[in-house]
Amino acid sequence: MPEPTSSTAVTVLGLGPMGRALAAAFLDAGVRTTVWNRTPGRDGELIARGALAAASPEEAVAAAPLTVVCVVNYDASDAVLRRAAVATALKGRTVVNLSADTPGRARATAEWAARHGVRYLDGASMTPTPTIGTADAVFLHSGPAELYEEHRPVLAALGGTHTHLGEDTGRAAAYDIALLDIFWTAMAGYTHALALARAEGVTGAELAPFAQGIAAILPPLFTEFAADFDAGTYSGELNPITSAASTMAHVVHASEAHGIDAGVMRVVEGQARRVIALGHGTDGYTRVGELIGRR
């Protein structure tokens, strides 16, 4: 049975790889940690390290003033938090939801929490499991600033940097979704490149050093493109979109010559061709963002 609450106590709901890493980091920092998982059997190592096991989610959330939730999505978190007994036990306590989902779901959950007297912060872990508890971890938070400041000392046990993005509860999820967009489209491109290189007799190991060179030029381009996009200039002075579309076509043709699906690049090229057809052929690639963002 968990002990009474204290300001240096936390409950972790969800013991997948990330949830276990979060709980371990709290334990390493000396924070009394209660854990619960929908599927039994994942808490053994944590209990051996001093975690307290709760028999139910309502018992778990009653054990600490702060509950950190980390499950696969908001369908899963809602299934736990919105149980009548859990909602009752959470009244007056704080939930930090590090589950991944959309900004709209985050705002809807904050509205539910307010109706039930639950104090609520949304958040996102932006780095992989091995970084949790180290200086390399990155966490984003959004929601009431005073609530974030109140619990920041305990959240700091998770290591790395913690950034409060504003009062709008959906902002952490908005950053998360946008950054995941970068990551997964980049991984899709790299995986496609490996397949195309292999078809031409180039191994992944041979390609990788040059791929890292491509990656190295991206950070300054991110800054440049962001300023260009925010200003609405869409400059194509150095590389007009007509030139970009031509190279995209080369990737499509080379891929399909080997029977490799080029569907993703066909979509990218199609967007560029639409920009050109609208009379923006001298603009840069960022003009695509204006095109696809139209309502």
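Higher on the page you've got the structure.
Before going into details, it helps to say that this report is about the structure given with it. Just so you know, these numbers come straight off a predicted model, no measurement behind them. (Residues numbered from 1 in each chain as written. Predicted model: local features only at pLDDT ≥ 70, side-chain atom pairs only at ≥ 80, totals over all residues. Heavy atoms only, no water.)

Moving on to the sheet that holds strand S6 (residues 119-125). Sheet architecture is open: eight strands sit in the order S3-S2-S1-S4-S5-S6-S7-S8, paired in mixed fashion. Two strands bound the open sheet, and with one partner strand each, they are strand S3 (52-53) and strand S8 (161-164). Pairing between strand S1 (residues 9-13) and strand S4 (residues 66-69): four bridges, direction parallel. Looking at the pairing, Val-10 lines up with Leu-66 of S4. Where helix H4 (residues 74-81) meets the sheet, its contacts fall on S1, strand S2 (32-36), S4, strand S5 (94-97) and S6, and the angle it forms with S5 comes to roughly 160 degrees. (Pairing = 2+ DSSP bridges. Helix = DSSP H or I, 4+ residues; strand = E, 2+ residues; numbered from the N terminus. Contact = heavy atoms within 4.5 Å. Axes fitted to C-alpha atoms, helices over the stretch in contact; angles between N-to-C directions.)

With that out of the way, let us pick up the pairing of S2. Side-chain direction in a regular strand flips from residue to residue, so the side chains alternate between the two faces of the sheet. With four of five residues buried, S2 lies mostly within the body of the structure. Note: S1 against S2, five bridges, orientation parallel. By the bridge assignment, Thr-11 is partnered in S2 with Thr-34. Handedness of the S1-helix H1 (residues 17-28)-S2 crossover: right-handed. The pairing of S2 with S3 spans two bridges and is classified as parallel. From the neighbouring strand, Thr-34 faces S3, where its bridge partner is Leu-52. (Buried < 20%, exposed > 50% of the residue type's maximum accessible area, 1.4 Å probe, protein only. Right-handed = clockwise from strand over helix to strand, strands pointing away.)

Below, the discussion takes up the packing of aromatic side chains. Within the structure shown, the criterion is met by two aromatic pairs. Between Phe-183 and Trp-184 the ring centres are 4.8 Å apart and the planes differ by 80 degrees, which places this aromatic pair in the edge-to-face class. Assessed through its relative accessible area of 54%, Trp-184 is described here as exposed. Note on Phe-229 and Tyr-234: the rings are 6.1 Å apart at their centroids and 70 degrees apart in plane angle, and the pair reads as edge-to-face. (Phe/Tyr/Trp six-rings, centres within 6.5 Å; stacked < 30°, edge-to-face > 60°.)

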